[in-house]
Each structure stands twice: as structure tokens, then as C-alpha cells.
Amino acid sequence: SGTIRENLVMGETIPEEELRMACRNAGISDFLAEQMEGMDTVLERWGSNLSGGQRQRLGIARAYVQGADFVFLDEVTAALDAKTEELVLSRLDDGLQGRGCVMVSHRLKTVEACDRVIVLKNGTICAEGTPQMLREQCEEYRRLFGLGENKV
């Protein structure tokens, strides 16, 4: 609960421009522009007055403004539609601004936005490399994403 702004800054002092940029990079700016109170819109407990995708994008924006050297994103685009997923992924580098990042995902577009991918099978690393290399050389990668031999 609290305002969107309070949820993003978590007690820190964050410049307004940095907040706006984080929201833009997280793909939530349009939603904020539609709210009468903008970033001062009050959220219900657990963000229950937001959709799953809106909560997810606010979480992404919060990760961007918190300034950690390393960010762990678990299923970062799971609640997003394809268009919003593409928008968020296209701005990921801007949002992270050179910080280290590990993403866990089962969505092909998200995985293919990564520089390096590690494929796990039964809790063990079975392959690692670039998405393109894994498309070409890793049967498990192709199986996970439904990429038959004819789709490579």
C-alpha cells in the first residue's frame, strides 16, 4: 500500500527525472499518465488495484531506481502481453545501465534478449552460449522453446 512513488523509491530520495526514466524503461509511463494523481496514485495493499502486468512493470521500474550493482529478474515478462514484453525488453539495457543482471525465464523472446544463456535440465547445466548458438547447436534449447529442426 502507499503511493506508486513511495513504492518505487522505498524511502530513498530519487530525482524525479530518474523516476520518469525508470518508468519509461519499464513500460509503465502510459499507465501513470492515465492516472489523475500520476505517481502519487494510491495503491491498495499488495497492489490489488493493479493488473499483474502493471505490478510487474512497477517492480521492474523499482529495480531500475534502486541502483543495485546486480539485478536478479525472475520471470520478468511473465505477466506481460507480447507487445508490452517487446517494449520492456527493448529498453532493458537502458534501464539496467551497465549493471549485471541474471534473468530466469521460460519465454523465448526474453531469453533471446540475453547476451548469454544457461540451459538447465534436471538441475544441471546442459548447455550455455548465445541464444543463436543454442538455437543452432542445442537440442534441449530447441525442445524447451518448441523450435523444431525446421525452425532453426
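Fair warning: this is a prediction, and the values are worked out from it, not measured in the lab.

Asker: I tried to follow helix α4 (residues 52-65) on my own but got confused; where do I start?
Answerer: Each full turn of the α-helix corresponds to 3.6 residues, which orients residues three or four apart in the same direction. The terminal C-alpha atoms of α4, which comprises 14 residues, lie 20 Å apart, in line with the 20 Å expected from a rise of 1.5 Å per residue. Taken together, the buried positions of α4 are Gly53, Gln54, Gln56, Arg57, Leu58, Ile60, Ala61, Tyr64 and Val65. Looking at the packing, one finds that the buried side of α4 touches α1 (4-9), α2 (16-25), α3 (29-34), β2 (42-43), α5 (82-90) and α6 (92-96). Positive backbone phi, at 75°, marks Gly67, one or two positions downstream of α4.

Asker: How do you make sense of the pattern of salt bridges when you look at a structure like this?
Answerer: Close approach of charged atoms allows side chains of opposite charge to pair. This structure, assessed with the given rule, holds 11 salt bridges. Salt-bridge contacts for Glu86 lead to Lys109; the nearest nitrogen and oxygen are separated by 3.4 Å. In this pair, Glu86 sits in helix α5 while Lys109 sits in helix α7 (residues 108-111), placing the two residues 23 residues apart along the sequence. Across the salt bridge formed by Glu139 and Arg142, the nearest N and O atoms sit 2.9 Å from each other. With a gap of three residues between them, Glu139 and Arg142 both fall in helix α9 (residues 139-144), about one helical turn apart. Relative accessible area serves as the criterion here: at 7%, Arg142 is assigned to the buried category. Sharing partners across several salt bridges, the network here consists of Arg5, Glu16, Glu17, Arg20 and Asp40.

Asker: Even after reading the chapter, I still don't get the layout of surface pockets, so can you show me in this structure?
Answerer: Remark: the empty space left among the atoms is shown by a probe the size of a water molecule rolled over them. The space that makes up the largest pocket amounts to roughly 790 Å³. Secondary-structure elements contributing two or more residues to the lining of the largest pocket are α6, β4 (100-104), α7, β5 (117-121) and α9. Considering only enclosed or pocket space, the second largest pocket measures out at about 220 Å³ in volume. Taken together, Cys23, Arg24, Gly27, Ser29, Asp30, Phe31, Glu34, Arg57, Lys83, Thr84, Leu87 and Arg91 form the lining of the second largest pocket. Elements represented by at least two residues in the lining of the second largest pocket include exactly α2, α3 and α5. Counting residues per element, the lining of the second largest pocket draws most heavily on α3, at four residues. The residue inventory of the lining of the second largest pocket, partitioned by class, reads three nonpolar, three polar and six charged.

Asker: Sorry, what's going on with the pairing of strand β6 (residues 124-129) here?
Answerer: Each regular strand displays side chains that alternate between the two surfaces of the sheet. Across five bridges, β5 lies against β6 in antiparallel orientation. Each bridged residue has a counterpart across the sheet, and for Val119 the counterpart in β6 is Ala127. Counting the residues between successive antiparallel strands, the hairpin from β5 to β6 contains two residues, one of them, Asn122, with a positive phi of roughly 55°.

Asker: Quick question: what am I supposed to make of the pairing of strand β3 (residues 70-74) here?
Answerer: Burial along β3 is one-sided: the residues Val71 and Leu73 are buried and none of Phe70, Phe72 and Asp74 is. Both β3 and β4 contribute to a ladder of five bridges, which runs parallel. In the strand pairing of β4, Phe70 is matched with Gly100.

Asker: Whenever I open this one, the environment of Val71 confuses me. Can you help?
Answerer: Checked against the element boundaries, Val71 lands in strand β3. Among the residues examined, Val71 registers a relative accessible area of 7% and is labelled buried. Considered as a pair, Val71 and Asp81 are 10 residues apart in the sequence and their alpha carbons are 23 Å apart. The residues touching Val71, leaving out its near neighbours within four places in the chain, are Ala63, Leu96, Arg99, Gly100, Cys101 and Val102.

Calculation notes
Residues numbered from 1 in each chain as written. Predicted model: local features only at pLDDT ≥ 70, side-chain atom pairs only at ≥ 80, totals over all residues. Heavy atoms only, no water. Helix = DSSP H or I, 4+ residues; strand = E, 2+ residues; numbered from the N terminus. Expected span 1.5 Å × (residues − 1). Buried < 20%, exposed > 50% of the residue type's maximum accessible area, 1.4 Å probe, protein only. Contact = heavy atoms within 4.5 Å. Salt bridge = Lys/Arg side-chain N within 4 Å of Asp/Glu carboxyl O. 1 Å grid on protein atoms, 1.4 Å probe; cavity = no way out; pocket = protein on both sides within 12 Å on 5 of 7 lines; lining within 4 Å. Points joined across faces, edges and corners; volume = space filled by probe spheres on them. Nonpolar A, V, L, I, M, F, W, Y, C, P; charged D, E, K, R; others polar. Pairing = 2+ DSSP bridges.

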